[in-house]
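Remarks on the overall topology
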Amino acid sequence: MAEDHNDWRETAKAVPELGFLRALVTALSVVMGLGMIAIVAILWMRLGAAAPLPELPENITLPQNETPAAITFARDWIVVVTGSGQVLLYDRAGALRQQVQP
């Protein structure tokens, strides 16, 4: 019957590099596991917090009985979408420049 080569200790004694290789693979596996845990923790902390919504500047007045649903700050304009779907385009000074009805 053929020799049984399942005993890794005897094989490691015969080939000394296998012990180093085993330690290296174990260390790299531990480092990879810790890296994955760190990535998941960072994503969880970063994506778990709700992003603060932008505030409507004080110099902008909305039409009566309207609430802002979305605010977009462009280079020269501020675009406000109201709860009823109106799109209001203001300049940086707060003056209403254009109004689009749905």
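See the structure printed just above.
Residues numbered from 1 in each chain as written. Predicted model: local features only at pLDDT ≥ 70, side-chain atom pairs only at ≥ 80, totals over all residues. Heavy atoms only, no water.

Considerations on the sheet that holds strand β4 (residues 96–100)
Keep this limit in mind: Strand pairing is assigned whenever DSSP identifies at least 2 bridges connecting the two strands. Counting from the N terminus, the helices are DSSP H or I runs at least four residues long and the strands are E runs at least two residues long. What counts as an axis is a line fitted to C-alpha atoms, over the stretch in contact for a helix, and the angles between N-to-C directions run from 0 to 180 degrees.
With respect to topology, 4 strands assemble into an open sheet ordered β1-β2-β3-β4, the strand pairing being antiparallel. Either end of the sheet is taken by a strand with one partner, and the two such strands are β1 (68–73) and β4. Adjacent strand axes in the sheet meet at a mean angle of 15°, parallel and antiparallel pairs treated alike. Relative to strand β3 (residues 87–91), strand β2 (residues 77–82) runs antiparallel, the two sharing 5 bridges. Bridge pairing in β3 places Val79 opposite Leu89.

A closer look at the environment of Ala49
Threshold: Note on exposure labels: buried denotes an accessible area under 20% of the residue type's maximum, exposed denotes more than 50%, and partly exposed covers the range between, all computed with a 1.4 Å probe on protein chains only.
As for its position among the elements, Ala49 is in the loop between α2 (17–48) and β1. A relative accessible area of 54% means that Ala49 is categorised as exposed. Along the primary structure Ala49 and Gly85 are separated by 36 residues, whereas in three dimensions their C-alpha atoms are 28 Å apart.

Regarding unusual backbone geometry
Here Asn65, not a glycine, exhibits a phi torsion of approximately 65°, which is positive. Among the secondary structure elements, Asn65 is positioned in the loop between α2 and β1.

Examining the pairing of β1
Looking at chain direction, β1 and β2 are connected through 5 bridges and run antiparallel. Among the inter-strand pairings, Thr72 is bridged to a residue of β2, identified as Val79.

So far we have only geometry, and geometry alone does not tell us how the molecule works.
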